[in-house]
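# Summary of structural features
Here is what each chain is made of, one letter per residue.
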Amino acid sequence: MALPVSSLTGRETRSHSVSRVNAGVRTLALSAVLAVAVAAGCQYPRDPDGTLNRVDGGVMRVGVSESDPWVVMEGDEPSGGAEVELARSFARDVGARIEWVQGSEEELVDAAKEGQVDLILAGLTNKSRWKKDVAFTRPYVETRTVVGAPGGRSYPDDFEGVPVAVELGSDEEGLLEQRTDARVTPVTDLASRRGEPAAVHDYLLDDLGLTDTGTELDKSKHVMAVKLGENAFLVRLERFLLNREDEIRQLLTREGRP
Amino acid sequence: VTPDDRRPEHHDREREGPSREFELPRELVDQQRKAVRLEWITLAYMASAVVLLFLTLGQSQAMKAAWIEDLLSLLPPAAFLIASRLRNRDPSEKFPWGLHRAVSVAYVFAALALLVMGAFVFFDSAIKLVLAEHPPIGVIQLFGQEIWLGWVMIGALVYSGLPAVFLGRAKRKLADDLHDKVLYADAQMNRADWMTVSAAIGGIIGIGFGLWWADAVAAIFISLDIVHDGWKNVRAAVHDLMDARPRRHDAREYHPIVERMNEAVNRCDWVEQGAVRLREEGHVFTGEVMVVPRERALAGDGELLDRLEELADHLLSLEWKVYDIVIVPVKEIDIPSPTMPSRAGKSPKKEESPA
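Residues numbered from 1 in each chain as written. Chains lettered and ligands numbered in written order. Predicted model: local features only at pLDDT ≥ 70, side-chain atom pairs only at ≥ 80, totals over all residues. Heavy atoms only, no water.

## Section: the overall build of chain B
What counts is decided by this rule: In this description a helix means any DSSP run of H or I spanning at least four residues, a strand means any run of E spanning at least two, and both kinds are numbered starting from the N terminus. Under the scheme applied here, a residue whose accessible area is under 20% of the maximum for its type counts as buried, over 50% as exposed, and between as partly exposed, the area being computed with a 1.4 Å probe on protein chains only. Any two residues whose heavy atoms approach within 4.5 Å at even a single point are treated as in contact.
Looking only at helices and strands, one finds ten helices and six strands in chain B. Across the 355 residues in chain B, those meeting the buried criterion constitute 54%. The long-range share in chain B, meaning contacts at least 24 apart out of those at least 6 apart in sequence, stands at 71%.

What follows is the structure in structure tokens.
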């Protein structure tokens, strides 16, 4: 190893450590700023567009799109639905008055992107294709689609040949066909076949007098959506939704009653 | 013509256990072993970081970049380890020169990984800025506590980035000792790693303050630095494959050995004129020495052969990296060589000073 090698290396190492020191100073400065901000009780994280500050004691524009039992519309205003009820109590929590905006999912997503809608209720799940256009909350409730049957009776594997009711034209109809060997029986009103095996959402089982047979057709994690990057508002909403699973299930059972 | 294709005497040929390091002088064998261990550690650690980031934050857009970077930084250590296994293999019928060049190929991969990483960070950040993407960061529930996901991200980033500082430093030192380009490129990769990680951390803190552009801007500046390093290494790697004149392992300047050998050859009293050309075969140098012997050296029986052999031994003892040379007595020298009096059209270009 010739001499010039080590002398060169020396120079380089020096310039290298200078940049490291700079980075260190930068990080330190940042953490100091952060510590001060947190100590001063500032809002953290904050919204780039200040949504939370605006709705606090002001107006919250909530976009709604019909999606029974999450959002049930009557004319231009929602008449009920699990998400609608949740949004109402969230609005009370932040001290906001709700202004409903009705539209299709796409219209609402576009409006949220432009900051014209603060919150979207449309029975969205975390698999929704709007994932990249709006910010989803963490899933606040998980629902399952199952084959329900009256308790105490036994059925052959995969319900072979058993007539199983399913709502006409729903995705459950297709899933039932694919996943089981049941005789798919589409009906317009599930309540009319109360007490018979049916493919239903888990929150409807009790109402229909059915129990879960353990055959799961589908699972969805439900979310609400807000404008991308409005993190203070998002965090506030998520904190509100956390640990409310029981309350939400009750809401669903009530709102989803067939 | 005396092709000196035996392994030179001064290279300790006693094979040391399973590692069979005959490319390196004995005092560097330990360093090489250390480097191999370090690269295994890097590989294992980065793999764990990749898994951690994927499991905890894989679906978050803001962390996807960090994840891809970690994935890319697996490439140089893997290339190094594979090349370390191959390069000591004996020449075979299929590979008559042995597999020294495995190291050159590894270097191409390592350099490309660095360049791709820089380019990726640049475009990723530029797109974020142009589309004005506001990254959403919500709340996560950990051990019954709800905390801002930003803090968790920072934790994961520190886990993936902090050891890179130390690994990079250690590798750089070893790369200097071993004159190892792959290791050197990997050290730069580690440096790139922790720099992008600190940018990402700064960015997340910035996002918390409502500055959605913070991480993109920080990352763009850092990406320029990485692209620069990557480009330099890719260039050096391609030059090596094209048998360019050997450079130091950090590509800063030409390796001094060609000049030293030239001087040694031309100092011999029986040599009228001599010229040396070397190429890099991975870790080691090989090449030809052309000599025009003086009249009197040609007389005498077998004396020339002795002289050639003596010269070969002497030249090989100058530098451990020179692994194999062929000395060719010629009537006239027609290869460009650094200290040769320049001739029309064939004079070597002045040394460009690399950045």
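Now that the structure has been shown, the text picks up again.
## Here we look at the layout of surface pockets
All names here are of chain A. Our working definition: A pocket, in this scheme, is an open set of points on a 1 Å grid over the protein atoms alone with protein on both sides within 12 Å along at least 5 of 7 lines, while a cavity is a set where a 1.4 Å probe fits but cannot get out; residues line either one if an atom lies within 4 Å of a point. Grid points are joined across faces, edges and corners, and a volume is the space filled by probe spheres set on the points. In this classification, Asp, Glu, Lys and Arg are treated as charged, Ala, Val, Leu, Ile, Met, Phe, Trp, Tyr, Cys and Pro as nonpolar, and every other residue, Gly included, as polar.
In this model, the second largest pocket occupies a volume close to 760 Å³. Every element with two or more residues in the lining of the second largest pocket is listed here: strand 7 (141-149), helix 5 (171-179), strand 10 (198-201) and strand 11 (211-222). Its residues placed into classes, the lining of the second largest pocket shows ten nonpolar, twelve polar and twelve charged.

## Here we look at empty space enclosed by the protein
Residue and element names in this part refer to chain B. A full pass over the atoms with the stated rule returns eight cavities of 30 Å³ or more. Of the volumes computed, that of the largest cavity is approximately 220 Å³. Elements supplying a minimum of two residues to the lining of the largest cavity: helix 2 (61-72), helix 4 (102-130), helix 6 (181-208) and helix 7 (214-241). The element best represented in the lining of the largest cavity is helix 6, accounting for six residues.

## What to know about a negative patch on the surface
Stated precisely, the cut-off is as follows: Only residues whose relative accessible area exceeds 30% and that form no salt bridge are eligible for patches; like-charged ones are grouped when within 9 Å, while nonpolar side chains (Val, Leu, Ile, Met, Phe, Trp, Tyr) are grouped when within 5 Å. Per-residue accessibility takes into account occlusion by the displayed protein chains alone, with areas from the Shrake-Rupley method and a 1.4 Å probe. Throughout this description, the term salt bridge denotes a Lys or Arg side-chain nitrogen within 4 Å of a carboxyl oxygen of Asp or Glu. When charges are counted, Lys and Arg contribute as positive and Asp and Glu as negative, whereas His and the chain ends are disregarded. Think of each charge as sitting on NZ of Lys, CZ of Arg, CG of Asp or CD of Glu.
A cluster of acidic residues, Glu-66, Asp-68, Glu-167 and Asp-189 of chain A, forms a negative patch on the protein surface. With respect to the helices and strands, the residue Glu-167 of chain A is situated in strand 8 (residues 163-167).

## Structural notes on the packing of aromatic side chains
Formally: For Phe, Tyr and Trp, where Trp contributes only its six-membered ring, two rings pair if their centres lie within 6.5 Å, and the inter-plane angle classes them as stacked under 30 degrees, edge-to-face over 60, or tilted in between. Only lysine NZ and arginine CZ atoms are considered, and such an atom sits over a ring when it is within 6 Å of the ring centre and within 35 degrees of the ring normal.
Taken as a whole, this structure holds eleven aromatic pairs over all chains when the rule is applied. Between Tyr-44 of chain A and Trp-151 of chain B, the ring centres sit 5.5 Å apart and the planes meet at 20 degrees, which makes this aromatic pair stacked. Placement of Tyr-44 of chain A in the loop between helix 1 (3-39) and helix 2 (51-55) and of Trp-151 of chain B in helix 5 (residues 149-178) is noted, with the two residues assigned to different chains. Every member of this aromatic cluster is reached through a ring pair, and the members are Tyr-44 of chain A together with Trp-148, Trp-151 and Phe-209 of chain B. Cation over ring: Arg-244 of chain A sits above Phe-240 of chain A, and NZ or CZ is 3.8 Å from the ring centre.

## Structural notes on a nonpolar patch on the surface
Among the surface-exposed residues, Leu-75, Val-105, Phe-109 and Leu-241 of chain B lie close enough to one another that they form a single nonpolar patch of about 340 Å² accessible area. Tracing the sequence through the fold places Leu-241 of chain B in helix 7.

## Some details on the side chain of Thr-180 of chain A
All names here are of chain A. Quick reminder of the rule: The definition of a polar contact used here is a pair of N or O atoms within 3.5 Å, where within protein one atom must be able to donate a hydrogen and the other to accept one, and adjacent residues in sequence count solely through side-chain atom pairs.
Counting through the fold element by element, Thr-180 comes out in the loop between helix 5 and strand 9 (183-187). Among the polar contacts listed, one links the side chain of Thr-180 to the backbone oxygen of Leu-176, at a separation of 2.8 Å. A distance of 3.3 Å separates a polar side-chain atom of Thr-180 from the backbone nitrogen of Ala-182.

## Considering a positive patch on the surface
Side chains of Lys-127, Lys-131, Lys-132, Lys-219 and Lys-221 of chain A together with Lys-64 of chain B sit close together on the surface and give a patch of like positive charge. In this structure, Lys-64 of chain B sits in helix 2.

## Observations concerning the confidence of the model for chain A
Here is the rule: The quantity called pLDDT is the predictor's confidence in a given residue, expressed from 0 to 100.
The share of residues in chain A with pLDDT of 70 or more is 83%, and the mean pLDDT across the chain is 84. The low-confidence segment residues 1-15 of chain A (pLDDT under 50) makes 15 contacts with residues lying over four places distant or belonging to another chain.

## As for the environment of Glu-280 of chain B
Residues and elements named next belong to chain B. By secondary structure assignment, the location of Glu-280 is in strand 4 (residues 271-281). A relative accessible area of 2% places Glu-280 in the buried class. When the C-alpha atoms of Glu-280 and Gly-302 are compared, they prove to be 32 Å apart, with 22 residues separating the residues in sequence. Ignoring anything within four residues of it in the chain, the contact list for Glu-280 reads Arg-101, Ser-104, Lys-181, Asp-240, Pro-246, Arg-247 and Phe-285. A polar contact is formed between the side chain of Glu-280 and the backbone nitrogen of Arg-247, at a distance of 3.0 Å.

## Brief notes about helix 3 (residues 75-86) of chain B
Let me state the cut-off plainly: To estimate how far a helix should extend, the number of its residues minus one is multiplied by 1.5 Å.
Spanning twelve residues, helix 3 of chain B covers 17 Å between terminal C-alpha atoms, matching the ideal 16 Å at 1.5 Å per step. Among the residues of helix 3 of chain B, Pro-76, Pro-77, Ala-79, Phe-80, Leu-81, Ala-83 and Ser-84 of chain B are the ones counted as buried.

## Brief notes about the nonpolar core
As a reminder of what qualifies: What is meant by a nonpolar core is a set of buried Ala, Val, Leu, Ile, Met, Phe, Trp, Tyr and Cys residues, joined one to another through side-chain atoms within 4.5 Å.
Within the largest apolar cluster, 46 residues are counted, with the highest numbers of intra-cluster contacts made by Met-60, Val-62, Leu-86, Leu-119, Leu-121, Tyr-140 and Met-224 of chain A. At seven residues, helix 3 (residues 82-94) of chain A tops the list of elements feeding residues into this core. Counting 30 residues, the second-largest nonpolar core is a separate cluster that includes Leu-174, Leu-178, Tyr-184 and Val-234 of chain B.

## A short note on the pattern of salt bridges
Throughout the structure, instances matching the rule amount to 31 salt bridges over all chains. Note that Arg-61 of chain A and Asp-118 of chain A form a salt bridge whose closest N and O atoms lie 3.2 Å from each other. Taken as a pair, Arg-61 of chain A in strand 1 (residues 59-64) and Asp-118 of chain A in the loop between helix 4 (105-113) and strand 5 (119-121) lie far apart in primary sequence, 57 residues in all. Here Glu-280 of chain B ties to Lys-181 of chain B by a salt bridge, and the two come within 2.9 Å at their closest N and O atoms. Pair noted here: Glu-280 of chain B is in strand 4 and Lys-181 of chain B is in helix 6, with a separation of 99 residues, a long-range link. The residues Glu-280 of chain B and Lys-181 of chain B share a single accessibility class, namely buried.

## Considering unusual backbone geometry
For the bond from Asp-68 of chain A to Pro-69 of chain A, the omega torsion is 5 degrees, close enough to zero to count as cis. Mapped onto the elements of the fold, Pro-69 of chain A is located in the loop between strand 1 and strand 2 (72-74). Even without glycine at this site, Ala-132 of chain B takes up a positive phi of about 50 degrees. Locating Ala-132 of chain B in the fold gives a position in the loop between helix 4 and strand 2 (139-142). For His-179 of chain B, which is not glycine, the phi torsion reads 50 degrees and is therefore positive.

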